[in-house]
Amino acid sequence: MSRLRTFITARKTSWIVLVAALLAAGAIFAAGSGNAEGALPGVGLPDSAESAQAAAAAENLPGADSTVALLVYTRDGAELTDADVAAITTATGTLADLSADGFVPPPSFSDDGTTALITVPLDKLSEAGEQAERADAIRAEANADLPDGLSALLSGPEGFAVDIAAVFEGADFTLLLTTVIVVAVLLLVTYRSPWLWLVPLVVVGTADGLAGIVAARVAALAGIQLDASVTGILSVLVFGAGTNYALLLIARYRDELRLVEDRREAMSRALRGAGPAIIASGSTVVLALLTLVFAELQGNRALGIACATGVVIAMIFALVVLPAALVLFGRGLFWPYIPRFGTEGSAERGVWHKLGVLVSKKPVVVAVLGAIVLGAFSLGVPQIKIGLSQTESFTQVPEAVQGQELIADAFPAGSGSPASVIVNSDYAEQTAAAAEGVEGVSAVRIGESTDTITQLSVVLDDAAETEGSFAAIEALRAELSTIDGANALVGGLDAQALDVERAQQSDQDLVIPLILGLVFIVLVLLLRSLVAPILLLLTVVASFFASLGASWLLFQSVFDFPAIDTNVVLFSFLFLVALGVDYNIFLVTRAREEAVENGTRTGMIRALSSTGGVITSAGILLAAVFAVLGVLPLITLTQIGIIVCIGVLLDTLLVRTVIVPSLAFMLGERFWWPSRVISVGAEVRTPKHKVDQ
């Protein structure tokens, strides 16, 4: 490792590192990601899911390549006039030119006469841009020559597909621009230098660009295409983690510049000191992310593969490219706060030193108060509701949701998203009769068929993706499974949502223990201790529940979110545990290093003094970067951003600042059990004035 550090930092070879990095980056950017533009978030259910089997079987039906657009005509709740009815009926003829078969069925009118519904058959399109153009044409035609006050809204499968695509249109640019601004401002505030912040920003920004391309290539090897939601989270994670590593390295570099006259030697020593912590931290995050490869849902696997790839690239750039870039410049890079050789830092007499001394005097009281704070925040956890319907997934209500709500109010609530039952053609009539008798079913219609299978369209009483519709799907599956020979498969939107919910719960039950186990093993290997890893994990898990509870109170009182989406808990746990342990690793590895010479008590105070400022800056920056996810009008990403933001702040300002040090002070040398970092009696030999000064 010594030779590698020398190669990265030496005058003759640091240029080679930068040129090699530049050439490699250029080649990767030129090759591109190979990812299709406009890729939409997929469901990604395993083939074993019943709704997936139903969808696969439906591919053999004549209309397998078709979808529908639902046009909802309304006069803001008022009864439709005769002129309205005539215009709507005429519209079915003009819309026929845009339909798949050149024909649009007659409109359906609600019993109260306030709403009309036109179903437009369409061919499926896989490219988001083409879908958007067709949707614009349908909207224009549907609203042409309507009486004043009458309007048409596009909803149904086509409407939702277009609106979801619109959510992610320009998402990468919006997220990138907002993230860059946030990181630039926080780096400028942290370093208080007019140009130092540019170096880590350029290095991490390059890493982010490469991560998106490389992650897409790696995911493609596993047969997975990344959508905009995954690439958005990837970009936020790479910027957050990469900047954190940069902050830690630069802080250590600045300390070494006061002790070593040669800046290249100072950087080599900084790499030796901060490198293991960065590697351990990044490896923990990567291993935690890779647990998602065991998930059932393809979306979870995609996130794990992509983000693990991104963190590896962030580590490489932080440990190789950033040091080589920094040593090109002299100490003036830190102007106006230049670390002069032979001067002392302010850590020993700063606020973090004073805080460490204060905590060391009453560690039990501090630990109890910290536990009370985390417990109070966690009180909201039992009240959390899990599961957002398709109409509840947006922070801004799109047209498709408005249309779906009108359909649910004026027609049987499930009219806009009927269940699709695939059954043996010889049992179609018998199955339809059985389905009509199931509680929660409003109507059954026999649809397309082949010689072997027939599709039944089942309209439910309850709105899509509600407890009532899920109960009806379960009852339908239970009833139809009793018909021997029918081989009935229940699919459709509600069945798919139910299967996703179950698969997500299964993934959560599998992945969360794996994450905890892997993080524990990494901590044991890093600290050569059993007690410290257990305590560190407990504190991070406690902060996760606290952040979840606090976020739920915000979601209810401020944002008015009806529930937390099914994948939010798993993703938030993953990011918070992996990233929260990062700060504990930064602190405790420094404490162990200091304890060798000064004892555990003094070592923890010195570690808190030297890392307090940089870890706090890193935590605030990471929290702000994750909060950037809220710029997108998708509740899932907003919820993940808020939960992780609150959790990181709790980890940074409470757990790492006072709770972990108080536990170390309480246990003393037992904190490192079964290993020993100092000889017996070293704690006693530590001069008291060095601790209390």
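Structure first, text after, so check above.
Numbers given for residues are sequential positions, taken from 1 along each chain in its written order. The predicted origin of the model limits local features to residues at a pLDDT of at least 70 and limits the giving and counting of side-chain atom pairs to 80 or more, whereas totals for whole chains, interfaces and linings rest on all residues. To obtain the side-chain values, all non-hydrogen atoms of the structure were used and water was disregarded.

K.L.:
Please give an account of helix H19 (residues 568–598) that cites residues and values.
P.N.:
In this model H19 runs 43 Å from its N-terminal to its C-terminal C-alpha over 31 residues, within 8% of the 45 Å that 1.5 Å per residue would give. With a 1.4 Å probe rolled over the protein chains alone, any residue whose accessible area is under 20% of its type maximum counts as buried; one over 50% counts as exposed, and the rest are partly exposed. Helix and strand assignments come from DSSP, with helices taken as H or I runs of at least 4 residues and strands as E runs of at least 2, each series counted from the N terminus. Counting buried positions over the 31 residues of H19 gives 28, a clear majority of the element. Backbone geometry just after H19 places Gly599 at a positive phi near 90°. Here the expected span of a helix is defined as 1.5 Å times the quantity of residues minus one.

K.L.:
Describe the packing of helix H8 (residues 198–221) against helix H9 (residues 228–259), listing the residues and the values that go with them.
P.N.:
Packing of H8 against H9 leaves a shortest axis separation of 9 Å and a crossing angle of 145°. In this structure, H8 crosses over H9, and the sense of that crossing is right-handed. Contact with H8, carried on its side by Pro200, Leu201, Val204, Gly205, Ala207, Asp208, Ala211, Gly212 and Ala215, involves Leu234, Ser235, Val238, Phe239, Gly242, Thr243, Ala246 and Ile250 of H9 and no other residues of that element. Asp, Glu, Lys and Arg are counted as charged, while Ala, Val, Leu, Ile, Met, Phe, Trp, Tyr, Cys and Pro are counted as nonpolar; the rest, among them Gly, fall into the polar class. Looking at the contact of H8 with H9 residue by residue, the classes come out as 11 nonpolar, five polar and one charged. In this analysis, axes come from line fits to C-alpha atoms, helices being fitted only over the stretch in contact, and the angle between any two N-to-C directions falls in the range 0 to 180 degrees. Put simply, a crossing is left-handed when the front helix is turned counterclockwise from the back one by less than a right angle, and right-handed when it is turned clockwise. Contacts are assigned to residue pairs that have any heavy atoms within 4.5 Å of one another.

K.L.:
Let's hear about the packing of helix H2 (residues 14–31) against H8: which residues, and what values?
P.N.:
At a minimum axis separation of 10 Å, H2 and H8 run at an interaxial angle of 50°. In terms of orientation, H2 and H8 fall into the oblique class. Of the two elements, H2 crosses H8, and the hand of that crossing is left-handed. Here H2 contributes Ala25, Ile28, Phe29 and Ala31 to the contact with H8, which in turn contributes Thr206, Gly209, Leu210, Ile213, Val214 and Arg217. Should an angle fall under 35 degrees it is called roughly parallel, over 145 degrees roughly antiparallel, and 65 to 115 degrees roughly perpendicular, with every other angle called oblique.

K.L.:
Explain the pattern of salt bridges residue by residue, including any values.
P.N.:
We define a salt bridge as a side-chain nitrogen of Lys or Arg found within 4 Å of a carboxyl oxygen belonging to Asp or Glu. Summed over all chains, the structure comprises 14 salt bridges. Across the salt bridge formed by Arg502 and Glu474, the nearest N and O atoms sit 2.3 Å from each other. A residue pair is termed long-range when its members are at least 10 positions apart, and Arg502 in helix H17 (residues 493–527) and Glu474 in helix H16 (residues 467–480) qualify at 28 residues. Relative accessible area serves as the criterion here: at 43%, Arg502 is assigned to the partly exposed category. Counted as one network, the salt bridges with shared partners bring together Asp136, Arg139, Asp163 and Glu399.

K.L.:
Report on the environment of Leu537, specifying residues and quantitative values.
P.N.:
Secondary-structure assignment places Leu537 in helix H18 (residues 531–559). We classify Leu537 as buried; its relative accessible area is 9%. Along the chain, Leu537 and Leu516 lie 21 residues apart, while their C-alpha atoms are 7.6 Å from each other. Once you skip the residues sitting within four places of it in the chain, Leu537 turns out to touch Leu516, Val519, Phe520, Leu523, Val577 and Val581.

K.L.:
Residue-level account of the sheet that holds strand S4 (residues 151–155), with values.
P.N.:
One open sheet holds the four strands; their spatial order is S2-S3-S1-S4, and the pairing between them is antiparallel. If you trace the sheet from one side to the other, it starts and ends with strand S2 (108–109) and S4, each paired once. Think of it this way: DSSP has to see at least two bridges between two strands before they count as a pair. Relative to strand S3 (residues 115–123), strand S1 (residues 66–74) runs antiparallel, the two sharing nine bridges. Residue pairing across strands places Leu71 opposite Ile118, the latter belonging to S3. Against the sheet, helix H5 (residues 128–143) touches S1, S3 and S4, its axis set at about 155° to S4.

K.L.:
Which residues make up the sheet that holds strand S7 (residues 453–460), and what are the values?
P.N.:
One open sheet holds the four strands; their spatial order is S6-S7-S5-S8, and the pairing between them is antiparallel. Looking along the sheet, the strands with just one partner apiece sit at the ends: strand S6 (441–449) and strand S8 (489–491). Strand-to-strand twist across the sheet, computed as the mean angle between neighbouring axes with direction ignored, equals 25°. Pairing of strand S5 (residues 419–424) with S7 involves six bridges; the strand directions are antiparallel. Note on S7: the bridge partner recorded for Ile422 is Gln455.

K.L.:
Give me the state of the cysteines: which residues, what numbers.
P.N.:
Between two cysteines, a covalent bond joining their sulfur atoms is known as a disulfide. Counting rule for disulfides: a pair of cysteine sulfur atoms within 2.5 Å. Per the counting criterion, the structure on display carries zero disulfides. Between Cys307, a cysteine without a disulfide, and Cys645, which holds the nearest cysteine sulfur, the sulfur-to-sulfur distance is 18 Å. On the basis of relative accessibility, which here comes to 17%, the residue Cys645 falls in the buried class.

K.L.:
Any details on the packing of aromatic side chains? Residues and values, ideally.
P.N.:
Whether two aromatic rings pair depends on their centres lying within 6.5 Å, for rings of Phe, Tyr and Trp, where Trp uses its six-membered ring; planes under 30 degrees apart make the pair stacked, over 60 edge-to-face, and the rest tilted. Here the structure, examined in full by the defined rule, presents 10 aromatic pairs. Ring centres of Phe544 and Phe545 lie 5.3 Å apart, and the angle between their planes is 65°; on these two criteria the pair is classed as edge-to-face. Residue Phe544 is classed as buried on the basis of its relative accessible area of 3%. Taken together through their ring pairs, the aromatic side chains of Phe544, Phe545 and Phe573 make up a single cluster. Here, a charge over a ring means that NZ of Lys or CZ of Arg falls within 6 Å of the ring centre while also lying within 35 degrees of the ring normal. It is Arg192 that lies over the ring of Tyr337; its NZ or CZ is 4.3 Å from the centre. One cation-aromatic arrangement involves Arg656 over Trp352; the distance from NZ or CZ to the ring centre is 5.5 Å.

K.L.:
Give me the environment of Leu480: which residues, what numbers.
P.N.:
Mapping Leu480 onto the fold places it in helix H16. Excluding residues within four positions of it along the chain, Leu480 makes contact with Val421, Thr431, Ala434, Ala435, Ala488 and Val490.

K.L.:
Lay out the environment of Leu526 with the relevant residues and their values.
P.N.:
As for its position among the elements, Leu526 is in helix H17. A residue is classified by how much of its surface remains accessible, and Leu526, at 22% relative accessible area, is partly exposed. The spacing of Leu526 and Thr589 is 63 residues in sequence and 8.0 Å in space, taken between C-alpha atoms. Beyond its immediate chain neighbours, meaning those up to four positions away, Leu526 contacts Ala280, Ile585 and Thr589.

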